[in-house]
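Remarks on the overall topology
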Amino acid sequence: MANVQNGAVTRELPLRGSNADAESFDIVATYHRLLKEDPDLTMPMAAIEALIEFLGHSQVKTVYETIDLVKTQSEKLQAAVRNPIALSHGTDLFSQYLIMSLKQPASGNGNNSSSGGKAPIDNPHESFEVVRQHLLRNSRLFAIRAKDARERIAVNGRKHLHDDTTILTMGGSRVVGNLLARAAAKHDYGWYTDPPRRFRVIYAVDPALAAQSDEVVASLRNQGIQVATIPFTALAYAMAKVDKVIVGAEAVTANGGIISSMGTYSLAVLAKAKGKPLYVAAEQHKFGKTFPVDEFDFSFDQGVIDFYSSSSSRNQTKDGKGKTEPMPDPIDFTPPELIEAFFADHKVLTPDEVAKEVIDMLM
């Protein structure tokens, strides 16, 4: 079933019965199915929705069992993908939400003044089932609100886009594309009409993300926005014409940096050197506890740097072991000192404010 909220189509996840066997539930297949069914779904949200579907299938009877099963399924999901960072931010966020929800006492149908209007717990299993059903419904509402984040980011970021400016972007980010498209349209709030912004866009096209970039560029041009496309090799040349840079993010780190498609770090360094402010448009559900020190401080090898000579096999290391295949979608880390601010769905934040929010969120 689909709902239309704030102009965006959202999907209500079905509330499944609890008589199915959770052991037969394939969390990895569910995650990939959700991403395939909804191309606009982010990796953290696909992980969260997969966990919600899992809880709908489970037969858990206690709080401890619920938390333990979610932890196990989250670990299974993270182990099944080569780059689990964004996905892990979603599972961590859902686990925190789950623990907070399960700490709330279940409301009964009885009226007991000595317990603040809550019925006494005569049957612990029955009481937990009430909590579980309430949790599932609230979890789906949580997922729907999180998917509406792009519209709220567009509202928050709109005030920072001005007429007669040139914006540089890259990476095929749909949240950035939506922000720019919404800024170029008139907004009627009833009591106030916000006129459309008139700006230009320079789009640096990454060959690895050409299909996504072409889609965003075509959408922006259809909105009447003037867009110039350039190769990455022309970034330094084009930067002189740029007023500000806006990029998306795969994940937002605990120190207020970002993990995004490879090339974002290079763009951020160049923007800083040229005195151009760099803004990040990212949903709050991408915030997480990941804290890389540098480009190589990840739990996986991207296989980007491949040393070999004419006398050695390209597919083997010196000791004869197989080499790591290059990732089709490599990432890099952009530290917080290169970022001016974040356009999030709840407000505009500095990197320091993002770091504080992550600490508060995980406590």
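In case you missed it, the structure is sitting above this.
Computed from a predicted model, the values in this text were never measured in an experiment.

Remarks on the overall build of the protein
On a plain count of helices and strands, the protein comes out with eleven helices and 14 strands. Across the 363 residues in the protein, those meeting the buried criterion constitute 48%. Looking at the protein alone, contacts between residues at least 24 apart form 75% of all its contacts between residues at least 6 apart.

Quick word on the environment of Thr62
Along the polypeptide, Thr62 turns up in the loop between α2 (43-57) and α3 (63-79). Residue classification places Thr62 among the partly exposed residues on the basis of a relative accessible area of 32%. Considering only alpha carbons, one finds Thr62 and Arg132, 70 residues apart in sequence, at a separation of 9.2 Å.

Considerations on the pattern of salt bridges
In total, this model carries 14 salt bridges according to the counting rule given. Residue Arg150 is joined to Glu283 by a salt bridge in which the shortest nitrogen-to-oxygen separation is 3.8 Å. Of the two residues, Arg150 is situated in helix α6 (residues 149-158) and Glu283 in the loop between β11 (278-281) and β12 (331-334); the sequence distance between them amounts to 133 residues. When sorted by exposure, Arg150 lands in the same class as Glu283, which is buried. Here the residues in one salt-bridge network are Asp40, Arg150, Arg174, Glu215, Glu283 and Lys286, joined through shared partners.

Some remarks on the sheet that holds strand β10 (residues 258-261)
Judged by pairing direction, the sheet is antiparallel, and its three strands sit side by side in the order β9-β10-β12 without closing on themselves. Looking along the sheet, the strands with just one partner apiece sit at the ends: β9 (251-252) and β12. Its contacts with the sheet put helix α10 (residues 264-273) on β10 and β12, and the angle it makes with β12 is roughly 30 degrees.

Comments concerning unusual backbone geometry
Here Asp164, not a glycine, exhibits a phi torsion of approximately 60 degrees, which is positive. Mapping Asp164 onto the fold places it in the loop between α6 and β3 (166-170).

With respect to the environment of Lys61
Note on placement: Lys61 falls in the loop between α2 and α3. Since its relative accessible area comes to 45%, Lys61 is described here as partly exposed. Sequence-wise, Lys61 and Arg132 are 71 residues apart; in three dimensions their C-alpha atoms are separated by 8.7 Å.

Things to note about the pairing of strand β8 (residues 244-247)
Neither face of β8 is exposed, since Lys244 and Ile246 on one face and Val245 and Val247 on the opposite face are all buried. Inspection of the sheet shows β3 paired to β8 by two bridges, in the parallel sense. Its bridge partner lying in β8, Ile167 is registered against Lys244. Strand direction decides the pairing type here: β8 and β11, joined by three bridges, are parallel.

Comments concerning the packing of aromatic side chains
By the definition in use, this model includes four aromatic pairs. Their ring planes at 35 degrees and their centres at 6.4 Å tell us that Phe94 and Tyr97 sit as a pair that is tilted. With a gap of three residues between them, Phe94 and Tyr97 both fall in helix α4 (residues 85-103), about one helical turn apart. Pair check on accessibility: Phe94 and Tyr97 agree, each one buried.

Here we look at the nonpolar core
Val245 and Val280 are the most contacted members of the largest nonpolar core, which totals 31 residues. The set of elements that each furnish at least two residues to this core consists of β3, β6 (200-205), α9 (235-238), β8, α10, β11 and α11 (351-362). Here the element with the most residues in this core is α10; it accounts for four residues. Excluding residues within four positions of it along the chain, Val245 makes contact with Leu168, Met239, Leu267, Ala271, Pro277, Leu278 and Tyr279. If you look at the next biggest cluster of nonpolar residues, it comprises 29 residues, including Tyr31, Leu34, Ala50 and Leu55.

Considerations on the sheet that holds β8
Spatial strand order, β7-β6-β3-β8-β11-β13-β14: seven strands in an open sheet with mixed pairing. A strand with exactly one partner marks an edge of an open sheet, and here the two such strands are β7 (226-231) and β14 (348-349).

Section: helix α1 (residues 27-37)
Taken residue by residue, α1 has Ile27, Val28, Thr30, Tyr31 and Leu34 as its buried positions. Mapping the buried residues of α1 onto a view down its axis gives an arc of 165 degrees, with all of them on the same face.

Each value, and the rule that gives it
- Residues numbered from 1 in each chain as written.
- Predicted model: local features only at pLDDT ≥ 70, side-chain atom pairs only at ≥ 80, totals over all residues.
- Heavy atoms only, no water.
- Helix = DSSP H or I, 4+ residues; strand = E, 2+ residues; numbered from the N terminus.
- Buried < 20%, exposed > 50% of the residue type's maximum accessible area, 1.4 Å probe, protein only.
- Contact = heavy atoms within 4.5 Å.
- Salt bridge = Lys/Arg side-chain N within 4 Å of Asp/Glu carboxyl O.
- Pairing = 2+ DSSP bridges.
- Axes fitted to C-alpha atoms, helices over the stretch in contact; angles between N-to-C directions.
- Phe/Tyr/Trp six-rings, centres within 6.5 Å; stacked < 30°, edge-to-face > 60°.
- Core = buried A, V, L, I, M, F, W, Y, C linked by side-chain atoms within 4.5 Å.
- Arc of directions from axis to C-beta.

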